[in-house]
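Architecture at a glance
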Amino acid sequence: MSAVLGIILTLSSCQVQARDAVATDETFLMDTIVTQTVYGPNSSIIIGEAVDLMKDIEKTYSSYLDSSIISEINANAGVSPVPVGEEERNVIKRCVEFSEQSDGLFDLTIAPLVKLWNITGDEPHIPTEEEIAAALPLIDYRNVIVNEEKSTVYLSHPDMELDFGATVKGYAVQKVLELYRQSDIAGGILSLGGNVAAFGKKPDGSAFRTGIRDPHGTAADYFAILEMSDQVIATSGAYERYFEQDGKIYHHILNPLTGYPCESDLLSVTVVSEDGLLCDYLSTMFYMLGKESVVSHLNENSYSLIALDEQGKIYISPRIMEHFTLLDSSPYVFADQTGRKD
Ligand code: ADP
Ligand code: MG
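All values reported here derive from a predicted model rather than from experimental measurement. (Residues numbered from 1 in each chain as written. Chains lettered and ligands numbered in written order. Predicted model: local features only at pLDDT ≥ 70, side-chain atom pairs only at ≥ 80, totals over all residues. Heavy atoms only, no water.)

Concerning the site of ligand 1
Around ligand 1 lies a shell of 19 residues, among which Asp163, Lys169, Ser236, Leu254 and Thr284 are the nearest. Here an oxygen atom of ligand 1 sits 2.7 Å away from a polar atom, N or O, in the side chain of Lys169. Interatomic distance of 2.8 Å between a side-chain N/O atom of Thr284 and an oxygen atom of ligand 1. The element that contributes the greatest number of residues to the shell around ligand 1 is helix α8 (residues 276-289), accounting for 3 residues. For the shell around ligand 1, the per-class residue count stands at 9 nonpolar, 5 polar and 5 charged. Each of domain 1 (21-55 + 167-338) and domain 2 (63-155) gives at least three residues to the shell around ligand 1. (Near = heavy atom within 4 Å. Polar contact = N/O pair within 3.5 Å; in protein donor to acceptor, adjacent residues only side chain to side chain. Helix = DSSP H or I, 4+ residues; strand = E, 2+ residues; numbered from the N terminus. Nonpolar A, V, L, I, M, F, W, Y, C, P; charged D, E, K, R; others polar. Domains from an automatic or database assignment.)

And the structure:
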């Protein structure tokens, strides 16, 4: 073998190794466990960049960190507009639009109610009627004034507050998906508390697969598997963040009209799309709206749905059926109009 050929062979075997190299990571962020698996060159560097990106997003959108832009906007409610970057302005603007579209069922100013119930905190409790009555008038997305020209955000009533709990994880996985796309990795998958993004393929050419959580099981129990490529999914349900008092479950998706956790005839809703922020908003909103609304939106162009109702029936958009595998162990079955378990 000539020296030159030897060098070429060595180089190409390095490249093969690099493309097949895998890095994995588990980190705690945004009050949940975040896992990544990335294949290809520089996989561990990309994983580190993704973690930094998600930390930055948490620092910007968390209302629990005093230094965040959101805390600054909240602290200036009824006082003065706060300058924000273009990126933050667009996220806030889209969340105002989501609030409009849902007629305020989803409302980015839900924070006073979220804080009152403190369901994800250390001491969740049922607020008094008076406390709820005092919080409800503060919740109104129409009082979020986004000034495009000056790039400011102003909450026009004192004590109003923004909350991005229903959307920030979807936004974060979207930004990581964009990072994966711009890198030279072969493929990667990120899971952030019910929000998943997948890019590319595994080295053997197969698609990334993610489990759809069994709402009656533990965090490791799935009833179905979904194949993903260049997509994002978000799942919402009442099974993870809740507390129980006198035999009743109080969960973290709150109805801004009543002030109480929303009643839903669904156990979970999964939204699949190419837009992480939209996915996360829709999963929360469809959970609140319930089965009838899911059934009438199964054929949308910009997203697909998988919902599980209280009777254990699955409703699924026909166009993702070929990527969906119901596990043999699943106690749930397809609802009649979408086919049968085979
Ligand atoms: P998770 O955070 O468990 O993934 P969701 O995406 O469904 O679940 O978001 C739930 C969070 O959204 C709550 O913890 C709260 O911060 C916020 N939230 C609750 N109710 C509403 C609502 N009606 N509109 C907007 N945000 C909400
Ligand atoms: Mg959500």
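And the narrative resumes.
Describing the nonpolar core
Formed by 68 residues in total, the largest nonpolar core has its most connected members in Met54, Ile73, Ile92, Leu108, Val144 and Phe164. Broken down by element, this core gets its largest block of residues, 9 residues, from α8. Residues from two domains meet in this core; each of domain 1 (21-55 + 167-338) and domain 2 (63-155) gives at least three. (Core = buried A, V, L, I, M, F, W, Y, C linked by side-chain atoms within 4.5 Å. Buried < 20%, exposed > 50% of the residue type's maximum accessible area, 1.4 Å probe, protein only.)

What to know about unusual backbone geometry
If you check the backbone angles, Met30 has positive phi at about 50° while not being a glycine. Mapped onto the elements, Met30 comes out in the loop between β1 (22-29) and β2 (32-39). Judged by relative accessible area, which is 9%, Met30 ranks as buried. The backbone of Asp230 sits at a positive phi, close to 50°, despite the residue not being glycine. Locating Asp230 in the fold gives a position in the loop between β9 (222-228) and β10 (231-237). Judged by relative accessible area, Asp230 falls into the partly exposed class, the value being 29%.

Digging into the side chain of Asn195
You can see Asn195 is positioned in strand β7 (residues 195-200). In this structure, Asn195 is in contact with Lys169, Gly170, Val173, Leu190, Ile233, Ala234 and Asp280, ignoring residues within four places of it in sequence. (Contact = heavy atoms within 4.5 Å.)

Re the coordination of the magnesium ion (ligand 2)
Within the first shell, the magnesium ion (ligand 2) binds the protein through Ala166 (O), Asp280 (O), Asp280 (OD) and Thr284 (OG1), at distances of 2.1 to 2.5 Å. If you list the donors of the magnesium ion (ligand 2) from N- to C-terminus, the spacing comes out as A-x113-D-x3-T. Residue Ala166 is found in the loop between β5 (152-155) and α7 (168-182), and its partner Thr284 is found in helix α8; the two are separated by 118 residues along the sequence. (Donors = N, O, S within 2.8 Å, 3.2 Å for Na, K, Ca; no water.)

Comments concerning the pairing of strand β6 (residues 187-192)
Where burial is concerned, most of β6 is hidden: 5 out of the 6 residues are buried. Here β2 runs beside β6; their pairing, made up of 6 bridges, is antiparallel. Bridge pairing in β6 links Gln36 to Leu190. When β6 meets β7, the two strands line up antiparallel, connected through 6 bridges. By the bridge assignment, Gly187 is partnered in β7 with Gly200. Taken together, β6 and the strand that follows it, β7, pair antiparallel across an intervening segment of 2 residues, in which Gly193 is found at a positive phi of about 45°. (Pairing = 2+ DSSP bridges.)

Section: the state of the cysteines
One pass over the structure, following the stated rule, counts 0 disulfides. In this structure Cys279 is not part of a disulfide, and its nearest cysteine sulfur, from Cys95, lies 13 Å away. (Disulfide = S-S within 2.5 Å.)

Points about the sheet that holds strand β4 (residues 144-147)
Read from one edge of the open sheet, 3 strands run β3-β5-β4, paired in antiparallel fashion. Looking at which strands have only one partner, the edges of the open sheet turn out to be β3 (82-83) and β4. As defined by bridge partners, β4 adjoins β5 across 4 bridges and the pair is classed as antiparallel. Within the sheet, the bridge partner assigned to Asn147 lies in β5 and is Thr152. Against the sheet, helix α4 (residues 86-101) makes contact with β4 and β5, and its axis sits at roughly 135° relative to β4, the strand it touches most. (Axes fitted to C-alpha atoms, helices over the stretch in contact; angles between N-to-C directions.)

Some points on the UniProt feature "binding site: Mg(2+)" (unreviewed entry) in the protein
Here the UniProt feature "binding site: Mg(2+)" (unreviewed entry) sits at Ala166, Asp280 and Thr284. On the basis of their most widely separated C-alpha atoms, the annotated residues across 119 residues gather in one place, lying no more than 6.5 Å apart. Given a relative accessible area of 6%, Asp280 falls into the buried group. With residues near it in sequence (within four places) discarded, Asp280 still touches Ala166, Thr167, Val168, Lys169, Gly170, Asn195 and Ala234. For Thr284, a relative accessible area of 8% translates into the label buried. Setting aside residues up to four positions removed in sequence, Thr284 forms contacts with Ala166, Ser236 and Ile253. (UniProt positions renumbered as here; feature names shortened; annotations may be inferred.)

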